[in-house]
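# Observations on the model geometry
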Amino acid sequence: MGDINLLKPIALFEQLFERKNRLEERGNDEHAAFSVSCNVLQSCHGSSLVKLGNTEVICGAKVKVLPEAVDAGGIVCNVELTGLTNRSVHPNISSARDAQILSCSLQRLISNTICPNAAKHLNIYADGNSQQSIGSYVIKVDLVVLHDDGCLLDACVPAALAALLSLSWPKLSNSGGTVSDGPNYKQYKQFTPTVMQKLSVLDWPVTLSFCFIPLIIARKSATSPLICQPSRRELTLWDTDAGPGYITVSCNSGNIIELSMTNAFLPGMSENLSATKSELPIPHISNWRILLEKVAVYASEAKVAIQNALNTVTTK
């Protein structure tokens, strides 16, 4: 009983939500403001900066070489999250676990959805011989959370995607051209004139975090039970132990790629899931239908924003 703030009975939620459903100045099912910029880091082969509400994430991608390694290329992702990203977290408190979860989630999306079978497309071939592989490229993707106000996965996914889409690097071979600078390229030479190589990206996923307020409150206030992209302070106020659910969809097809609700704040969902058609109020709108409609709109807007950012990129 060290912290009575951990005990939040339904009566407290009713009082809170009857007064105001959320702290942010937007509707329940309205997503946070989204913007993206590409090629923001001159030291990288591809980079991006994503702002989602008050959350900011910067991403950089660099290409390195594995000499004499065939079909050994790949994409390695890492997220850095420090105590300085949010003023409610003590600077000395490690965020390694949260960063590891984000890194694993991004790595899974990159390997399974964005760039599956990347190794086959990251080989270095002998000049004039597209069958003889003489090495492999490795792409290192690093993300740094500049400010954390929640929706971290929502911001990290498009940041990594935009960085990979803007990625380009000089194509290498073992003959012809001028020897490149740097230890990673000492066994290889650039084509002359320079030929820029880009990554083959199969799909454009985006993630939307969400939670549901108690259905009884939504019905009383005649508002949507869906809360899109709750901020960190909203989740802290509602329940200190629970987090949001996450749904990841394809911007290209609209198909659901992942749906995660581990330890999520979803009061009222059991009532919605257990009700039969005869028990549902008329008219009834499923929570899931609302969620799917909103994530489809968000995916469409995110795709346009990323495409517009890419259109402003000039080849290095």
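Residues numbered from 1 in each chain as written. Predicted model: local features only at pLDDT ≥ 70, side-chain atom pairs only at ≥ 80, totals over all residues. Heavy atoms only, no water.

### Things to note about the overall build of the protein chain
Scanning the protein chain for helices and strands turns up 7 helices and 14 strands. Classification of the 316 residues of the protein chain by burial places 46% in the buried group. Look at the contacts in the protein chain between residues 6 or more apart in sequence, and 71% of them connect residues 24 or more apart. Per element, the accessible surface of the protein chain, about 15,900 Å² overall, is 53% carbon and sulfur. (Helix = DSSP H or I, 4+ residues; strand = E, 2+ residues; numbered from the N terminus. Buried < 20%, exposed > 50% of the residue type's maximum accessible area, 1.4 Å probe, protein only. Contact = heavy atoms within 4.5 Å. Areas by Shrake-Rupley, 256 points an atom, 1.4 Å probe, with all protein chains shown as cover.)

### Some words on the pattern of salt bridges
Inspection of the entire model under this criterion finds 5 salt bridges. For E258, the salt bridge is made with R108, and the minimal N-O distance between the two is 2.7 Å. Of this pair, E258 sits in strand β14 (residues 256–260) while R108 sits in helix α2 (residues 96–114); the two residues are 150 residues apart in sequence, bridging distant segments of the chain. In this structure, R232 engages D148 in a salt bridge whose closest nitrogen and oxygen atoms are separated by 2.3 Å. (Salt bridge = Lys/Arg side-chain N within 4 Å of Asp/Glu carboxyl O.)

### With respect to unusual backbone geometry
Not every positive phi belongs to a glycine, and C151 is a case in point at roughly 55°. Here C151 is to be found in the loop between β6 (133–147) and α3 (152–166).

### Thoughts on the nonpolar core
Membership of the largest hydrophobic core comes to 71 residues, with the highest contact counts inside it found for I139, L143 and L199. Counting residues per element, this core draws most heavily on α3, at 12 residues. (Core = buried A, V, L, I, M, F, W, Y, C linked by side-chain atoms within 4.5 Å.)

### Notes on the side chain of T207
In this structure, T207 sits in strand β11 (residues 205–212). Take T207: its relative accessible area is 1%, and that puts it in the buried class. A polar contact is formed between the side chain of T207 and the side chain of T248, at a distance of 2.7 Å. Each residue touching T207, except ones within four places of it in the same chain, is listed here: L109, L153, D154, V157, Q229, Y246, I247, T248 and Y298. (Polar contact = N/O pair within 3.5 Å; in protein donor to acceptor, adjacent residues only side chain to side chain.)

### Side note on the sheet that holds β11
Within a sheet, neighbouring strands are paired by backbone hydrogen bonds and run either parallel or antiparallel to one another. If you walk across this open sheet you meet the 4 strands as β12-β11-β13-β14, and the pairing is antiparallel. On the outer flanks of this sheet lie β12 (226–228) and β14, each paired with one strand and no other. Strand after strand, the sheet turns through a mean of 25° between neighbouring axes, direction not considered. Sheet topology note: the β11/strand β13 (residues 245–250) ladder contains 6 bridges and is antiparallel. Counted as the bridge partner of S209 is Y246 from β13. Packed on one face of the sheet, α2 meets β11, β13 and β14 and runs near 155° to β14. (Pairing = 2+ DSSP bridges. Axes fitted to C-alpha atoms, helices over the stretch in contact; angles between N-to-C directions.)

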